[in-house]
Amino acid sequence: MATTAMPHPETAAPAAPTGLWSWVTTTDHKRIGILYGVTAFFFFLVGGLEALVIRLQLGAPGNTLVSAEAYNQLFTMHGTTMVFLALMPLSAAFFNFIIPLQIGARDVAFPRLNAFSYWVFLLGGLFMNASFFVGPLFGADTLSVAPNGGWFGYANLTSSQYSPGPNIDFWVIGLQILGIASLAAGFNFITTIINLRAPGMSLMRMPVFTWMSFVTQFLIVTAFPVITIGVVFLMFDRFFGTTFYNVAAGGDVLLWQHLFWLFGHPEVYILILPAMGIVSEVLPTFSRKPLFGYAVVVYSGVLIGVVGWGVWAHHMFSVGLGPIADSVFSASTMLIAVPTGVKIFNWIGTLWGGRLEFRPPMLFAVGFVSLFIIGGISGVMHASPPADLQQTDTYFVVAHFHYVLFGGTVSGLFAGMYYWWPKVFGRTLRDGLGKLHFWLMFVGMNLTFFPMHFSGLLGMPRRIYTYGPELGVATYNLVSTIGALLTGVAMLVFLWNVLVSRRGAAAGPNPWNAATLEWATSSPPPVYNFSVIPTVKDGLPLWREGGMEPSPLPAVPPAPIHVPGGSIWPLCTAVGIVVIGVGGLMHQSLWPSLGTALAGAALTVVSIYQWAFEPFEV
Amino acid sequence: MTEHTDVRHAGEAHASTRTYLVIAAILTIITIIEVGVFYVPTLHAILPPTLIILSAAKFTLVVGFYMHLKYDHSLFRAVFLFPLAIALAVIVGLLFLFRVL
Amino acid sequence: MSHAAVAHHTSTGLDSRKIAFWTFIGSECLLFGSLIATYLVYQGRSVSGPTTHEILNIPLTSISTFDLLMSSLAMVLALAAVQRGDRTWTRVWLATTALLGAVFLGFQAYEFQHFVHEGLGFTTSLFGSTFFTLTGFHGAHVFVGVLWLLTLLVRSFQGKLGPAKALNVEIAGLYWHFVDVVWIVIFTVVYLIQTTPLPAA
């Protein structure tokens, strides 16, 4: 078969190719970053809509907006979507666009593998959300076969006995597909950060965002295999009748919980560390002052990653692990608050004495710090098993993790969006609308989640589709619902900002006067990123005299730069994998299922061979 | 086939063909000892720790020599040993949590 | 049009593909670690079906273990042959490794169907589920490895596997040895360390 590699021009200053096909076959980290960002933001809105319906249902006691069955799908998909289809890929958008620029590279180590990760994510997300619409194919209504076992899918609720429909099949297959995307990206970014740094950029000169992302990638490649196995066991139980989570056969449903949380706890650090990295870039820039205690912030991040492997059973304090296990995990959980707290002091130390400028990125970054502190405090309260016995499975936990994931991660991601928007698109988002977005979101978020501390301690359980007025939590729920609507308005303001900011003054290479390498090149960067790869002499190359050479970078590359072409095989391989998944969904009918799965496998294998042997030079 | 020539890295330490054959012989012998211990009833009291030590030796030999980790840049060692340590900790942790240990 | 010499600067002087592959191997430690942990945790808890001591065939598995160990030797010799540009022995050793891998799979296939015949199926019991999943995942890895080796063999016959491409064989070797090393652990943990009473003298 003739090569399908795109022609790659090698003039002194190659231009980015245009047209739909160039996007479909792109291997350029900047384009892949934009694709991740747009797709993830779309799923973020989907998850937000699910949240709004949840809140409308819970806004009053005894409400009948949605049935219990629909509600189970809503909160399951809200959680699964937000974690796997919104927050992780939004972080990935930044990994993709920003990391190669921050380390002074022309692209990631494996550009086609990078594209592959994106396509698998997109198709996996569509696969999972297709469940909302394809009920009739399974002899059911629409909006009835979406995953409904919670984002954590506890055994044996998720067994074929108690979840007989295809709902959980969508979930187990979808998660495995998405896991492939994350793992591939993990190998890619670890290699990129280790091996493609510009000359002079030692590890301790790397920007903190790159460092935190580096730790995150190690968490991904170690944690995802564990949940892969846990989910494989569940899939085998459901498809073939194995006994992994079958109590009558001697199995233990707690095995699922252990395997899930062995992944699940590192996962929450995967969700927060990149945002912490973003905040660690934004605060110094808008304080006109270097990050306080760079080395300590880096080591804390590494420590969080390592200790994060030793705390998982704090999600299981109510299952009867025994006093020794409870104590061990309680201690490790309290311990991990230390490096986390250290970072907070470093951020405050950065602000202290700085010339503060409260542009939108700074507002979101400071918002992150304050809201994360609140979420961290409720987290430490969970660390005590006796206290947790009251808090667990109540809305107190919902309050905790939304403070750290919404108040924390989402704020951090918006800080990154406002901060790096000019670099990516060449124009800055409007300040006025940005501030309005921030305040609406800040107020809305607190209105939504602060009352949950109280409704939780008053005994409102999680995952219930309605509640009686006698529980005494109706007012709290109403306030939460109003807060959620306000937060929704904030998102509309953001979208409006995106729309109106398409016109405006060009941003220039460094509109915020920031310190790190990505601001040394134009906005947006040329397809080859840097006209010459600079030699770095300092961790803040744009702030220190002689921090980088040459400075400024030449406007035009002095020597020809090879820019790799595109390739269709990453997409084809991704399609093959998802077709296998579709085959799995059909497991009730042997031959159609097997046939589809084999067709998918054939496409996957052929695509991999084409990928391996096509001429492609980075 | 019998001389040791390393075309890629002149001067870098490298195992020879003879070394590989010796390692293969050692691996075989260790396997025979493992199976032997299994069949000797009087040794059953110390069966698990003995087997663990013996197979750890085989593991180290294959990883160190056949996978060349002994001679390679320490970066590869770090990238492998860190997840391996987590995997071992997870196994041991779960054995305790399920009251096997 | 010829490209300007692309001397790729790397921060470590090491090949990116090798770094990525070791990272992948690290990740596989967690994959197999979870499978092994599950097997160990569930050992002796089956409520029915054949037990380890009734059904595992130590002599046969010792032979297949030896076979896999020898395949690692063949692999390492294949790499040495590629590195010194010895086309004939490259092909001999690659083919030998693939053959020994296929023999291992043959042993496994025989074992699987024999177990099923003796009443231990995938769904019979915890032992059945954990055993077949663990060894099945391992066997699937061996299968992929055999395909990879055969691909390299074909490339060699096409004259496209010279010393400049030694890294491709080296990485295939890393994969192959790792799969062997996992089997070393499985052989010990599943076959030799059994909780049910061991055979008397």
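Here goes a summary of the coordinates provided. Computed from a predicted structure; not experimentally measured.

**Re the overall build of chain C**
Thought 1: Broken down by element type, chain C carries six helices and zero strands.
Thought 2: The order of helices and strands in chain C, counted from the N terminus, is α-α-α-α-α-α.
Thought 3: When its C-alpha atoms are laid out on the principal axes, chain C stretches across 70 × 35 × 30 Å.
Thought 4: Within the span of chain C, comprising 201 residues, buried residues form 60% of the whole.
Thought 5: Considering only intrachain contacts with a sequence separation of at least 6, the fraction spanning at least 24 residues in chain C is 82%.
Thought 6: In the structure as shown, chain C presents an accessible area of about 7300 Å², 65% of it carried by carbon and sulfur atoms.

**Brief notes about the overall build of chain B**
Thought 1: Each helix and strand counted, chain B has three helices and zero strands in total.
Thought 2: Taken over 101 residues, chain B has a buried fraction of 47%.
Thought 3: Taking contacts inside chain B between residues at least 6 apart in sequence as the whole, the part at least 24 apart equals 48%.
Thought 4: In the form shown here, chain B has an accessible surface area of approximately 5100 Å², with 74% of it arising from carbon and sulfur atoms.

**What to know about the packing of aromatic side chains**
Thought 1: In this structure the tally under the stated criterion is 82 aromatic pairs over all chains.
Thought 2: Three or more aromatic residues joined by ring pairs form one cluster here, namely Phe41, Phe44, Phe364, Phe414, Tyr418, Trp421, Phe425, Phe438, Trp439, Phe442 and Phe494 of chain A.

**Considerations on a nonpolar patch on the surface**
Thought 1: A cluster of nonpolar side chains, Val605, Tyr609 and Phe613 of chain A together with Phe143, Val144, Leu147 and Leu150 of chain C, forms an exposed patch at the surface whose accessible area comes to about 600 Å².
Thought 2: Of all the secondary-structure elements, those providing two or more residues to the nonpolar patch are helix H16 (590-613) of chain A together with helix H5 (126-157) of chain C.
Thought 3: For the nonpolar patch, the element with the most residues is H5 of chain C, which contributes four residues.
Thought 4: Judged by relative accessible area, Val144 of chain C falls into the partly exposed class, the value being 43%.

**With respect to the interface of chain C and chain A**
Reports often express the size of an interface as the amount of accessible area lost when the parts come together.
Thought 1: Taken together, the contacts link 40 residues of chain C with 41 residues of chain A.
Thought 2: Taken together, the two surfaces of chain C and chain A that pack against each other cover about 3300 Å², and 66% of this comes from carbon and sulfur.
Thought 3: Among the ionic pairs, Arg45 of chain C bridges to Asp252 of chain A, the shortest N-O distance being 3.7 Å.
Thought 4: Counting across the chain C and chain A interface gives 13 residue pairs in polar contact (both at pLDDT 80 or more).

**Points about the pattern of salt bridges**
Residue and element names in this part refer to chain A.
Thought 1: Per the counting criterion, the structure on display carries 14 salt bridges over all chains.
Thought 2: For the salt bridge of Asp431 with Arg359, the shortest nitrogen-to-oxygen distance reads 2.6 Å. Of this pair, Asp431 sits in helix H13 (residues 431-457) while Arg359 is found in the loop between helix H9 (323-351) and helix H10 (360-382), placing the two residues 72 residues apart along the sequence.
Thought 3: By relative accessible area, which is 23% here, Asp431 ends up partly exposed.
Thought 4: The exposure class assigned to Arg359 is partly exposed, which follows from its relative accessible area of 25%.
Thought 5: The structure contains a network of salt bridges with shared partners spanning Glu357, Arg359 and Asp431.

Reading guide: rules and limits
- Residues numbered from 1 in each chain as written.
- Chains lettered and ligands numbered in written order.
- Predicted model: local features only at pLDDT ≥ 70, side-chain atom pairs only at ≥ 80, totals over all residues.
- Heavy atoms only, no water.
- Helix = DSSP H or I, 4+ residues; strand = E, 2+ residues; numbered from the N terminus.
- Buried < 20%, exposed > 50% of the residue type's maximum accessible area, 1.4 Å probe, protein only.
- Contact = heavy atoms within 4.5 Å.
- Areas by Shrake-Rupley, 256 points an atom, 1.4 Å probe, with all protein chains shown as cover.
- Phe/Tyr/Trp six-rings, centres within 6.5 Å; stacked < 30°, edge-to-face > 60°.
- Patch = residues over 30% accessible without salt bridge, like charges linked within 9 Å, V, L, I, M, F, W, Y side chains within 5 Å.
- Salt bridge = Lys/Arg side-chain N within 4 Å of Asp/Glu carboxyl O.
- Buried area = accessible area lost by both parts, 1.4 Å probe.
- Polar contact = N/O pair within 3.5 Å; in protein donor to acceptor, adjacent residues only side chain to side chain.

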